[in-house]
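Residue strings, one per chain:
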Amino acid sequence: MQYRQLSKKMPPVSILGFGCMRFYRVDGSLDLMSSTTPVDEKLVNRLIHYAMEQGVNYYDTAYPYLGGMSEGILGKQFSPSQRQNIFIATKLPAWKVEKTEDMDGFLNEQLHRLQTDYIDYYLVHSLTQKTWNQVLQLGIFDFLDRIQKEGKVRSVGFSFHDQYPVFKNILHSYSWDFCQIQFNYHDTEYQAGLQGYKDAVEKDIGVISMEPLLGGKLATQLPPEADQYLRSMHPDWTPAQWALRWVWNHEGISTLLSGMNQMEQVEENCRTASQMSLPTLTKKEIEAIADVKEIFESRTKVRCTSCSYCMPCPQGVKIPTVFSLWNEAFRFSDSTSAKTQYQRLPQEGKASSCIQCHECETKCPQQLPIAKLMKDVEEYFENDQNK
């Protein structure tokens, strides 16, 4: 196993981190939200202990994962002697913090769930402009300073889910030890993106990659032509290995999180991580990834940059989200996920709520015919044959 520095305050972490959000339930389902259906803890135990034997020392969880069960399950996995060599990361649910005392309340509950006196890596979870403003007003900096002095937390950071300008502001607002961003070869311009990664590296802040496989899409749902192209270059590399190698090729990525829930995944990822040495990709292989990105781009339906200048829509249509899901449905070989996410949108957020007022088009820097495109999106996602 290879290791890299994540926080200057801590020993190095394994370049493969174990994400504890996607474990199977005892009924064989992969329900990320249920708080009633038990998790298959026997399988979890086998997966985590195999990973630990292979040198994986970073385990990531959060307050809401698996309907609130993930922290408690992870807390059962390590004996006191093992705990000394294991790094646990969990997160303050920023969107749930309504008053200053809530921050201590959540942390103390998490320490109890995890059966530990301290948390190695503590993140302010899922920051957006809205949640950042919320915790900022409630004294998040004083809280982070204090819990480190008290020894309850050893290193502090944040995970991020908004646009790049928001990330840049948060990054420079506090003496963070590390940050966690969505980072994969498909999403270099999404959220913090490649520029956010570079900013963190320049500031000498550790970076964790979440969604290195884009929820598994880069492992199992590549367009056929992209899959065949990569396999023609390296018949012995899986699409997942290509994606992980691309992330690891960025030296500023300290670890990446993989939500492994099958032994085959743990074995392959541990094997790949153990073979890593910089650079993990040659110039020709980096060019191959760029070619795959071009294949994705060729399947793009609308050139929306998600700048949100078109928002808010007077009718409540979630224009950037709708376009993003439309693109996803065509970029990958399986459109099921995009269609499911679209159906979960509130009715006013869907394309069919567009009344063709064209107000959004006067604000769009790309000069997209948004009203016309909304009709196409509605036809694809909302007619009877696609429901």
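Since the structure is predicted, the reported quantities are computational estimates derived from the model, not experimental observations.

Novice: Where do I start with the layout of surface pockets in this structure?
Specialist: Vacant regions in the atomic arrangement are exposed by a probe of water-molecule size rolled over the atoms. Reported here for the second largest pocket is a volume of approximately 250 Å³. Lining of the second largest pocket is provided by 17 residues; of these, Gln-5, Leu-6, Asp-204, Ile-205 and Gly-206 occupy positions nearest its centre. Contributions of two or more residues to the lining of the second largest pocket are made by β9 (206-210) and β10 (253-258). Here the residues of the lining of the second largest pocket are counted per class, giving six nonpolar, five polar and six charged.

Novice: Just to check I follow, could you spell out the sheet that holds strand β7 (residues 153-160) for this structure?
Specialist: Strand pairing in a sheet relies on backbone hydrogen bonds. The paired strands run either parallel or antiparallel. A barrel is described by the order of its strands in space; here eight strands give the closed sequence β3-β4-β5-β6-β7-β8-β9-β10, paired in parallel fashion. Looking at each pair of strands side by side, their axes are set apart by 30° on average, direction ignored. Direction of pairing for β7 relative to strand β8 (residues 178-182): parallel, over a ladder of three bridges. The partner of Gly-157 across the bridge, within β8, is Phe-178.

Novice: Looking at this structure, I do not really get the pairing of strand β3 (residues 16-19). What am I missing?
Specialist: It is a general feature of regular strands that their side chains alternate between the two faces of the sheet. Burial along β3 is two-sided: Leu-16 and Phe-18 facing one way and Gly-17 and Gly-19 facing the other are all buried. Judged from the three bridges that link them, β3 and β10 form a sheet pairing that is parallel. Considered in β10, the bridge of Leu-16 is made with Leu-256. Pairing of β3 with strand β4 (residues 58-60) involves two bridges; the strand directions are parallel. From the neighbouring strand, Phe-18 faces β4, where its bridge partner is Tyr-59. Crossover handedness for the path β3 to helix α1 (residues 41-53) to β4: right-handed.

Novice: Would you mind showing me how to read the packing of helix α8 (residues 164-171) against helix α9 (residues 193-202) here?
Specialist: To characterise two packed helices, one gives the angle between the axes of the helices and the distance between these axes. Closest axis-to-axis distance for the α8/α9 pair is 10 Å, and the angle between their directions is 10°. Between α8 and α9, the angle falls in the class roughly parallel. Crossing geometry of α8 relative to α9 is assigned as right-handed. Contact with α8, carried on its side by Tyr-164, Phe-167, Lys-168 and Leu-171, involves Gln-195, Gly-196, Asp-199 and Ala-200 of α9 and no other residues of that element.

Novice: Please clarify how the side chain of Asp-102 should be interpreted in this entry.
Specialist: Summarising the element assignment, Asp-102 is placed in helix α5 (residues 100-113). Judged by its relative accessible area of 15%, Asp-102 is buried. When residues no more than four places from it in sequence are discounted, the contact partners of Asp-102 are Lys-96 and Val-97.

Novice: For this particular structure, what's the right way to read empty space enclosed by the protein?
Specialist: Under the definition given, this model contains two cavities of 30 Å³ or more. Within this model, the largest cavity holds a volume of roughly 120 Å³. Residue lining of the largest cavity: 17 residues in total, with Cys-313, Ile-319, Cys-354, Cys-357 and Cys-360 positioned closest to the centre. When residues of the lining of the largest cavity are assigned to their parent elements, the largest contribution, three residues, is made by helix α17 (residues 370-382).

Cut-offs applied
- Residues numbered from 1 in each chain as written.
- Predicted model: local features only at pLDDT ≥ 70, side-chain atom pairs only at ≥ 80, totals over all residues.
- Heavy atoms only, no water.
- 1 Å grid on protein atoms, 1.4 Å probe; cavity = no way out; pocket = protein on both sides within 12 Å on 5 of 7 lines; lining within 4 Å.
- Points joined across faces, edges and corners; volume = space filled by probe spheres on them.
- Helix = DSSP H or I, 4+ residues; strand = E, 2+ residues; numbered from the N terminus.
- Nonpolar A, V, L, I, M, F, W, Y, C, P; charged D, E, K, R; others polar.
- Pairing = 2+ DSSP bridges.
- Axes fitted to C-alpha atoms, helices over the stretch in contact; angles between N-to-C directions.
- Buried < 20%, exposed > 50% of the residue type's maximum accessible area, 1.4 Å probe, protein only.
- Right-handed = clockwise from strand over helix to strand, strands pointing away.
- Parallel < 35°, antiparallel > 145°, perpendicular 65-115°, else oblique.
- Left-handed = near helix turned anticlockwise from the far one by under 90°.
- Contact = heavy atoms within 4.5 Å.

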